[in-house]
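Architecture at a glance
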Amino acid sequence: MAKGKEVRIRVILECISCVRKGANEESTGISRYSTEKNRHNTPGQLEFKFFCRYCRKHMTHDEIKK
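The rules we used
Residues numbered from 1 in each chain as written. Predicted model: local features only at pLDDT ≥ 70, side-chain atom pairs only at ≥ 80, totals over all residues. Heavy atoms only, no water. Phe/Tyr/Trp six-rings, centres within 6.5 Å; stacked < 30°, edge-to-face > 60°. Helix = DSSP H or I, 4+ residues; strand = E, 2+ residues; numbered from the N terminus. Buried < 20%, exposed > 50% of the residue type's maximum accessible area, 1.4 Å probe, protein only. Salt bridge = Lys/Arg side-chain N within 4 Å of Asp/Glu carboxyl O.

Each aromatic ring pair is summarised here by two numbers: the centre-to-centre distance and the angle between the ring planes. Applying the stated criterion across every chain, the model contains 2 aromatic pairs. An aromatic cluster is built from Tyr33, Phe48 and Phe50, whose rings are joined through pairwise contacts.

It is worth spelling out unusual backbone geometry at this point. Of note, Arg56 is a non-glycine position whose phi angle comes to about 65 degrees, a positive value. On the secondary structure map, Arg56 appears in the loop between β3 (47-52) and β4 (57-64). Among the residues examined, Arg56 registers a relative accessible area of 68% and is labelled exposed.

This part covers the pattern of salt bridges. Applying the stated criterion across every chain, the model contains 4 salt bridges. Of the charged contacts, one joins Glu36 and Arg10 as a salt bridge, the two residues approaching to 4.0 Å between their closest N and O atoms. Taken together, the residues Glu36 in strand β2 (residues 32-38) and Arg10 in strand β1 (residues 8-15) connect sequence positions 26 residues apart. A relative accessible area of 56% places Arg10 in the exposed class. Of the charged contacts, one joins Lys37 and Glu63 as a salt bridge, the two residues approaching to 3.2 Å between their closest N and O atoms. Placement of Lys37 in strand β2 and of Glu63 in strand β4 is noted, with a sequence separation of 26 residues between them. Using a relative accessible area of 6% as the deciding quantity, one classes Lys37 as buried.

Its location among the elements puts Lys65 in the segment after β4. On the basis of relative accessible area, Lys65 is assigned to the exposed category, the value being 74%. Considering only alpha carbons, one finds Lys65 and Val11, 54 residues apart in sequence, at a separation of 7.9 Å.

This is the structure in structure tokens:
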């Protein structure tokens, strides 16, 4: 096997609506999910719809940088 960067990397997905609200009283936190992605197949940022427990509905979650 070749040495170097790993092909599969761990990423964190964060709710975009909770981040925009910031410190609002409506949102008590920021919903985050962790997953893995293949660096070769998806070089761009991931975007999925997951259930946000703070917004109480399905919202778009984007990849954040570590």
